[in-house]
Amino acid sequence: MEKLEHIGIAVKNLDESNRLFAKLLGKQHYKTEEVTAEGVRTSFFDLNGVKIELLEATQPNSPVAKFIEKRGEGIHHLAFEVNNIHESIQSYSDQGFSLLNAEPKTGADNKLIAFMHPKSTNGVLIELCQEKK
Ligand code: ZN
């Protein structure tokens, strides 16, 4: 892991939460992006290199919708930057971590991403991410 890249927060209403977090952080989000394959609309705030990603479900059966249904709004995942996501997936699998993605997929913010199942990480959903080159 290189650094904490962003913290993902599941929200019910992205527009309302954008306003709330703008007030809280003292700055506006710098982008909004829909990831159709994941059934989410996201927005990003940058706080000196550590980002906050707000996630709103766009489909009732998407992972974020299910998360909110079960646990309510709140911290959804921690995303860590890695240098080589293919190597990281392999190496964490070899060490016994449970990867939800055997191959990286395209996430928001120009990233390749893979998730680790929270059951192997003390209940925390972990996202590995690498900037697409
Ligand atoms: Zn994320």
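Every value quoted in this text rests on a predicted model; they were computed, and no experiment measured them.

> Just checking my understanding: could you explain the side chain of Asn 101 for this structure?
With respect to the element layout, Asn 101 can be found in the loop between helix 3 (85-94) and strand 6 (105-107). Taking the relative accessible area as the measure of exposure, Asn 101 reaches 12% and is therefore buried.

> Which parts of the structure should I look at to understand the coordination of the zinc ion?
When a metal carries six donors in an octahedron, the ideal angles between them are 90 or 180 degrees, while four donors in a tetrahedron ideally lie at 109.5 degrees. Within the protein, the atoms that donate to the zinc ion are His 6 (NE2), Glu 53 (OE), His 77 (NE2) and Glu 127 (OE), at distances of 2.1 to 2.2 Å. Each of the 4 donor atoms around the zinc ion contributes to a set of angles spanning 83 to 164°, which defines the coordination as irregular. Of note, the donors binding the zinc ion are all from one chain and are spaced H-x46-E-x23-H-x49-E. Note that Glu 53 is positioned in strand 4 (residues 50-57) and Glu 127 in strand 8 (residues 126-131), a separation of 74 residues in sequence. Owing to a relative accessible area of 5%, Glu 127 belongs among the buried residues under this scheme.

> What is the right way to read unusual backbone geometry from this model?
When glycine is set aside, most residues are seen to have a negative phi, and most peptide bonds are trans. Even without glycine at this site, Asn 48 takes up a positive phi of about 50°. Inspection of the secondary structure assignment puts Asn 48 in the loop between strand 3 (40-47) and strand 4. A relative accessible area of 78% places Asn 48 in the exposed class. Although it is not a glycine, Asn 110 sits at a positive phi angle of roughly 60°. Residue placement: Asn 110 occurs in the loop between strand 6 and strand 7 (111-116).

Rules of the game
- Residues numbered from 1 in each chain as written.
- Predicted model: local features only at pLDDT ≥ 70, side-chain atom pairs only at ≥ 80, totals over all residues.
- Heavy atoms only, no water.
- Helix = DSSP H or I, 4+ residues; strand = E, 2+ residues; numbered from the N terminus.
- Buried < 20%, exposed > 50% of the residue type's maximum accessible area, 1.4 Å probe, protein only.
- Donors = N, O, S within 2.8 Å, 3.2 Å for Na, K, Ca; no water.
- Tetrahedral: all angles 85-135°; square planar, octahedral: opposite > 155°, others 65-115°.

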